[in-house]
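Chains, contacts and geometry: an overview
Below are the chains, spelled out letter by letter.
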Amino acid sequence: MIPIDGLPVLTAAEMRAAEQAAMVGEVTEATLMDRAGSAIAQAVARLAAGREILVLCGPGNNGGDGYIAAAALKRQGLAVRVASSEAPRSAGAGRAAAIWGGAVEPLDGTRPAPVLVDAIFGTGLSRPPCDEVQDTLTRLAEAAWLRIAVDLPTGIATDNGKALGKVPRFDVTLALGAVKPSHLLQPAANAMGQVRLLDIGIATHSQARALTRPNLPEPDANSHKYSRGMVAVMAGSMSGASELAALAALRAGAGYVLHLASGGRPGSAAPHAIVRRDYAPDALDEDRIGAVVIGPGLGRDRDASERLEAALASGRPLVIDGDALRLVELATLATHHGPRILTPHGGEFVHLFGEVTDDKLTATRRAARQSGAVVVHKGADTVIAAPDGQAILCPEASPWLSTAGTGDVLAGAVGAMLAAGLEPLAAAEAGVWLHAQAARACGKAFIADDLADALSAVRG
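Sequence order sets the numbering: in each chain, residues are counted from 1 along the sequence as written. For a predicted model such as this one, the threshold for reporting local features is a pLDDT of at least 70, and the threshold for listing and counting side-chain atom pairs is 80 or more; totals across whole chains, interfaces and linings nevertheless cover every residue. The basis for the side-chain values is all heavy atoms of the structure; hydrogens and waters are excluded.

A few points about the pairing of strand β2 (residues 53-57)
Each residue gets one of three labels from its accessible area relative to the maximum for its type: buried under 20%, exposed over 50%, partly exposed in between, using a 1.4 Å probe on protein chains only. Strands are runs of DSSP state E lasting at least 2 residues, helices are runs of H or I lasting at least 4, and numbering of each runs from the N terminus. In terms of residue burial, β2 counts as a mostly covered element, since five of its five residues are buried. Two strands make a pair as long as DSSP finds a minimum of two bridges between them. Bridging between β2 and strand β3 (residues 80-84) involves five bridges; their strand directions are parallel. Residue pairing in the sheet places Cys57 in a bridge with Ser84 of β3. Orienting the strands away from the viewer, one traces the path from the first strand over the helix to the second; a clockwise path indicates a right-handed crossover. Handedness of the crossover joining β2 and β3 through helix α3 (residues 61-75) is recorded here as right-handed. As paired elements, β2 and strand β5 (residues 115-119) share five bridges and run parallel to each other.

A short note on the sheet that holds β2
The strand order across the open sheet built from eight strands is β1-β8-β7-β6-β5-β2-β3-β4, with neighbouring strands paired in mixed fashion. Sheet topology places β1 (2-3) and β4 (105-106) at the edges, where each strand pairs with a single neighbour. Bridge count between β3 and β4: two bridges; the pairing is parallel. Looking across to β4, one finds that Ala83 is bridged to Glu105. Only heavy atoms enter the contact rule, under which two residues are in contact if any of them lie within 4.5 Å. Lines fitted to C-alpha atoms define the axes, with helix axes restricted to the stretch in contact, and inter-axis angles between N-to-C directions lie between 0 and 180 degrees. On top of the sheet, helix α2 (residues 29-48) reaches β2, β5, β6 (146-150), β7 (172-176) and β8 (194-198); it is set at about 160° to β7, its chief contact.

Concerning helix α4 (residues 91-100)
Every α-helix winds through 3.6 residues per turn, so residues three or four apart in the chain are directed the same way. Inspection of α4 places Gly92, Ala93, Ala96 and Trp100 among the buried residues, and these make up the whole buried set. Buried residues of α4, seen end-on, are gathered within an arc of 95° and therefore sit on one face of the element. Away from the buried face of α4 by more than 90 degrees, exposed residues Ala91 and Ala98 are located. Gly101 occupies a position one or two residues after α4 and carries a positive phi of about 70°. What the arc describes is the spread of directions from the helix axis to the C-beta atoms.

Examining the sheet that holds strand β16 (residues 374-377)
Across the sheet, ten strands lie side by side as β9-β18-β17-β16-β15-β14-β13-β10-β11-β12; this open sheet has mixed pairing. Strand pairing shows two members of the sheet lacking a second neighbour, β9 (208-210) and β12 (275-278), which therefore form its edges. Ignoring which end each strand starts from, the neighbouring axes of this sheet average 20° apart. Where β9 meets strand β18 (residues 391-393), three bridges bridge the pair, whose relative direction is parallel. Bridge pairing in β18 links Arg209 to Ile392. Here helix α6 (residues 239-251) sits on the sheet in contact with β10 (230-234), β11 (256-261), β12 and β13 (289-294), set at roughly 170° to β11. Strand contacts of helix α10 (residues 346-353): β15 (340-342) and β16, with the helix running at about 135° to β16, the strand carrying the most contacts.

Comments concerning the side chain of Thr158
Within the secondary structure layout, Thr158 lies in the loop between β6 and β7. Judged by relative accessible area, which is 3%, Thr158 ranks as buried. For this analysis, a polar contact is any N or O atom pair within 3.5 Å, provided that within protein one partner can donate a hydrogen and the other can accept it, and provided that sequence-adjacent residues contribute only side-chain to side-chain pairs. A distance of 2.8 Å separates a polar side-chain atom of Thr158 from the backbone nitrogen of Gly124. What Thr158 contacts, discounting residues up to four positions off in sequence, is Ala12, Gly122, Thr123, Gly124, Leu125, Leu152, Lys180, Pro181 and Ser182.

Focus: the domain arrangement of the chain
An automatic or database domain assignment is the source of the domain bounds shown. Domain annotation of the chain identifies domain 1 (7-210) and domain 2 (230-458). Centre-to-centre separation of domain 1 and domain 2, based on C-alpha positions: 40 Å. Each partner contributes to the interface: domain 1 provides 13 residues, whereas domain 2 provides 18 residues. Buried area between domain 1 and domain 2, summed over both chains or domains, comes out near 1,200 Å², and the portion from carbon and sulfur atoms is 53%. Buried area adds together the accessible area that both of two parts lose upon being put together, with accessible area traced by a 1.4 Å probe.

Comments concerning the environment of Ala93
Assignment of secondary structure puts Ala93 in helix α4. Sequence spacing of Ala93 and Val117 is 24 residues, and the spatial spacing of their C-alpha atoms is 16 Å. Among residues more than four places away in sequence, those in contact with Ala93 are Met33, Pro59, Gly60, Asn61, Gly64, Tyr67 and Pro88.

Some words on the layout of surface pockets
Grid points spaced at 1 Å over the protein atoms alone were grouped into cavities, where a 1.4 Å probe fits but cannot get out, and pockets, open sets with protein on both sides within 12 Å along at least five of seven lines, with lining residues defined by an atom within 4 Å of a point. Grid points are joined across faces, edges and corners, and a volume is the space filled by probe spheres set on the points. Each pocket or cavity is described by its volume, and for the largest pocket that value is around 970 Å³. Along its surface, the largest pocket is lined by 39 residues, and Gly60, Asn61, Asn62, Gly122 and Thr123 are the ones closest to its centre. Of all the secondary-structure elements, those providing two or more residues to the lining of the largest pocket are α1 (12-22), α2, α3 and α5 (131-143). With five residues, the top contributor of residues to the lining of the largest pocket is α1. Taken as a whole, the second largest pocket holds about 620 Å³ of empty space. Lining the second largest pocket are 31 residues, and of these Lys378, Leu401, Thr406, Gly407 and His435 lie nearest its centre. When the residues that make up the lining of the second largest pocket are grouped by side-chain class, the tally is 13 nonpolar, twelve polar and six charged. Lys, Arg, Asp and Glu make up the charged group, whereas Ala, Val, Leu, Ile, Met, Phe, Trp, Tyr, Cys and Pro make up the nonpolar group; the residues left over, Gly among them, are polar.

What follows is the structure in structure tokens.
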């Protein structure tokens, strides 16, 4: 079982193509099914710890994987039963059922077991299972001590994160051959439990991958405050939000943070490491500014619009967040010739790019192409996409991030990574990773100030 951090994410069509490419020479569909069933059995035996196992098999190849796994578990001397929703309909599933060779109970009449393995439907499901399958699966899952899904829980669409029916929550999902979008997209991801990959010998390639721990920029003996990155945070009518972004940029590793606000704040304001100056039209002329963060607490009045225009005209690398996402237009973004990262939550994304009518991964990639920017589409299933189609899907972060100001902290962290010299996609990934790690370190009921402070600790 392999952790999925950094692994390629394949759609159903990409997975089918990868399977076809793998079937050369003596490698056949049966070979892949045998590999999958053997890997499932190895994982289930390890997790079951000697408890009785019930394997639920469907009529297709996912069911075939289940039959092969059940046979392998039986050979190991484990107590295993098989129940089927219907007779095999594919040649592969029929062959696998013959290899099992034991009793097959009807799904609706089977009794629960401590360990439940769901191999009814996997990749490629396009319509809800019948009510009988959904209800029985729920009943058996509720009675089980451990719930394991093969590839995807029954009732989950592969590519868009949607539940096609009533889907119980699993403890572990064993992804076969590759990670799929719905392993990470909500609401489907909420049913997965821990997702682990089973390697079945298929080469996988994709422009999408799962978030992983980044290579964070580190100072060396020759570093100074400007080489570590200078971040300018442009404030507006709500200076608290921009102060959070400025603090986060410092805590994430920036060497110099400049907070630009009207009326300024006294020099004694904490933290003293933030340099506070009054905003002026030439404020961004400083050549050593490595990134500008604009949007947190900016407001939406004429002054805010003028500051946004100045930021776009500066050519500096930009992180555009919050109110600036409500003010900016796609055509105007094209006039900015430097790197840019947009960090919209769901409402801001719809305002700028329109309703998501397909899925979050596709919509975020489209938005990145349209804007010429890296887009961090925030949420419980944050998706990061670049204009060239590269994308990063992020696992669910702490639900305690649902508090005011945490988005401002993310903008500051991303700004620090951008100012340190990372390319926009890498800067966005690093900022999102740091943000999620800081939330985990904070535990429960934290506030955005705590989150910003925690960024220093998770740099280690």
